[in-house]
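# Per-entry structural report
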Amino acid sequence: MDGWTVAYWMTSRLAQFGEATALDVLVSGDTDRVAALQKLAADDAAGWHAAA
């Protein structure tokens, strides 16, 4: 995982959030959606580390 991977993840459309990007969710300020995004990010990052 590198900075480009993170940038791609932050700007990719996420089905879990109605095709919004992670940046869209963060900017929305919706604390429930931001918390769900945080969990998704942690789960994805754990998967990246496991695959490395």
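The notes below deal with the structure included here. (Residues numbered from 1 in each chain as written. Predicted model: local features only at pLDDT ≥ 70, side-chain atom pairs only at ≥ 80, totals over all residues. Heavy atoms only, no water.)

### Brief notes about the overall build of the protein chain
The test is simple: A run of H or I in DSSP becomes a helix once it reaches four residues, and a run of E becomes a strand once it reaches two; helices and strands are each numbered from the N terminus. Exposure categories follow from relative accessible area, calculated using a 1.4 Å probe and restricted to protein chains: below 20% of the type maximum is buried, above 50% is exposed, and the middle band is partly exposed.
In terms of helices and strands, the protein chain carries three helices and two strands. Reading the protein chain from its N end, one meets helices and strands in the order α-β-β-α-α. Along the three orthogonal principal directions, the C-alpha set of the protein chain runs to about 30 × 20 × 15 Å. The buried share among the 52 residues of the protein chain stands at 19%.

### Concerning helix H3 (residues 31–51)
Under the convention used in this document: Each helix should span, by expectation, one fewer than its residue count multiplied by 1.5 Å. Counting of polar contacts relies on pairs of N or O atoms within 3.5 Å, with two restrictions inside protein: one atom must be capable of donating a hydrogen and the other of accepting it, and residues adjacent in sequence are counted only when both atoms are side-chain atoms.
In this model, H3 (21 residues) spans 30 Å end to end at C-alpha, consistent with the 30 Å of a helix rising 1.5 Å per residue. The opening residue of H3 is Asp-30, an N-cap whose side-chain oxygen sits 3.1 Å from the backbone nitrogen of Asp-32.

### A look at the nonpolar core
The following threshold applies: In this text, buried Ala, Val, Leu, Ile, Met, Phe, Trp, Tyr and Cys residues form a nonpolar core when linked through side-chain atoms within 4.5 Å. For this analysis, residues touch if any pair of their heavy atoms sits within 4.5 Å.
Core analysis: the largest hydrophobic core is formed by eight residues, namely Trp-9, Leu-14, Phe-17, Ala-20, Ala-22, Val-25, Leu-37 and Leu-40. Elements with a minimum of two residues in this core: helix H2 (22–28) and H3. Beyond its immediate chain neighbours, meaning those up to four positions away, Leu-37 contacts Trp-9, Leu-14, Phe-17, Ala-22, Val-25 and Leu-26.

### Digging into the pattern of salt bridges
Counted only if it meets this: Salt bridges are counted wherever a side-chain nitrogen of Lys or Arg sits within 4 Å of a carboxyl oxygen of Asp or Glu.
As enumerated under the stated definition, the model contains one salt bridge in all. Note that Lys-39 is salt-bridged to Asp-43, the shortest N-O span being 2.9 Å. Within this pair, Lys-39 and its partner Asp-43 are both found in helix H3, separated by four residues, close to a single helical turn.

### As for the side chain of Ser-12
On the secondary structure map, Ser-12 appears in the loop between helix H1 (3–11) and strand E1 (13–14). In this structure the side chain of Ser-12 is engaged in a polar contact, spanning 2.6 Å, whose partner is the backbone oxygen of Tyr-8.

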